[in-house]
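# Survey of secondary and tertiary structure
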Amino acid sequence: DGGFPANSMQQYGALMFCKWLYKKTGIFFRLPTEAEWEYACRAGSNTIYPFGDDAASLNEYAWFNQNSGDRYHKVGQKKPNAWGLYAMLGNVGEWVLDQYQSDFYATLSGKSVDPVRMPEARHPRSVKGGAYNSESKDLRSANRQMSDPVWNRRDPQIPKSRWWNADAPFVGFRLVRPLKQPSPAEAETFFQTYLGF
C-alpha cells in the first residue's frame, strides 16, 4: 500500500496471495524460480550487478545498509535495471519458489533451462536480492539467502504463524505471470505442491 514493497511475510503468505489472486481474477501468478529471478535481475548483463561490476554505483539502484537509514522505502525511487524493473536489489529481499540448497547449481549437469529446487520442507527456502540492511556484496545478482525460522521468533502464537515473519521486515515478494497459463488442474497441483508444508 502506498507504493511500499510487500514485506514481513513468509513464503507461505506470498503463495497464498498468489492463490487468492488466481481465484479472484482467473489469472495465474506465482513466485519466480531462482533462475527466473536472476534472469530478470540481470536484464541481459553478465556482470556482478545488473549495471556493472562497481559496487560504488549501487547507491543509484538500491536501498541497502549504506543509504537506507535501516528501513525499506517506496519502490521507484532508485534507477530500474535495463529492463525497467525497479528494486531488484536491496529494499526487501524477495521470496522465490526454490528450496534452498547451497550446492544446488553444482548438482546440475550441462545446461539446464529454468532449473528449480522443488520443496521438501518449510525451511530453508531461497530469498534473492538482498535488503535495506544488506551489505553491497549481498546484493549481487547471483547472491542467494536461505530463510531462517528465527525470522519469526517473536511471534506470540502457538504454533508460530505460517503467514508472517514478525522479525523479518526485510523479506517480501515479487510475482510473475507465466506467458503460458496453466490449466485449472495444473494450477491446483502447483498450489498443493508449494503450500503443502
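Look up: the structure comes first, before these words.
First, a word on what this report is: a plain description of the structure on this page.

Basis of the calculations
- Residues numbered from 1 in each chain as written.
- Predicted model: local features only at pLDDT ≥ 70, side-chain atom pairs only at ≥ 80, totals over all residues.
- Heavy atoms only, no water.
- Helix = DSSP H or I, 4+ residues; strand = E, 2+ residues; numbered from the N terminus.
- Rg over C-alpha atoms; globule rule 2.2 N^0.38 Å.
- Buried < 20%, exposed > 50% of the residue type's maximum accessible area, 1.4 Å probe, protein only.
- Contact = heavy atoms within 4.5 Å.
- Areas by Shrake-Rupley, 256 points an atom, 1.4 Å probe, with all protein chains shown as cover.
- Pairing = 2+ DSSP bridges.
- Phe/Tyr/Trp six-rings, centres within 6.5 Å; stacked < 30°, edge-to-face > 60°.

## Considerations on the overall build of the protein chain
- For the protein chain, the helix and strand inventory stands at four helices and four strands.
- Going from the N terminus to the C terminus, the protein chain shows its helices and strands as α-α-α-β-β-β-β-α.
- For the protein chain, whose C-alpha radius of gyration is 17 Å, the value lies close to the compact-globule estimate of 16 Å for 197 residues.
- For the protein chain, the spread of C-alpha atoms along the principal axes amounts to about 45 × 45 × 35 Å.
- Every one of the 197 residues in the protein chain was classed for burial, and the buried ones make up 46%.
- A separation threshold of at least 6 residues defines the contact pool for the protein chain, and within that pool the share at least 24 residues apart is 73%.
- Element-wise, carbon and sulfur atoms account for 54% of the exposed surface of the protein chain, whose accessible area totals about 10,400 Å².

## Let's talk about the pairing of strand β2 (residues 125-128)
- Here β2 shows two buried faces, one formed by Arg125 and Val127 and the other by Ser126 and Lys128.
- Where β2 and strand β3 (residues 144-146) come together, three bridges link them in antiparallel fashion. Among the inter-strand pairings, Ser126 is bridged to a residue of β3, identified as Met146.

## Focus on the packing of aromatic side chains
- One pass over the full model with this rule turns up 17 aromatic pairs.
- Seen from their ring centres, Phe28 and Phe190 are 5.2 Å apart, and the 85 degrees between their planes marks the pair as edge-to-face. Of the two residues, Phe28 is situated in the loop between α1 (11-25) and α2 (34-42) and Phe190 in helix α4 (residues 184-195); the sequence distance between them amounts to 162 residues. Like Phe28, the residue Phe190 is buried in the burial classification.
- An aromatic cluster is defined as three or more aromatic residues linked by ring pairs; in this entry it consists of Tyr22, Phe28, Phe190, Phe191 and Tyr194.

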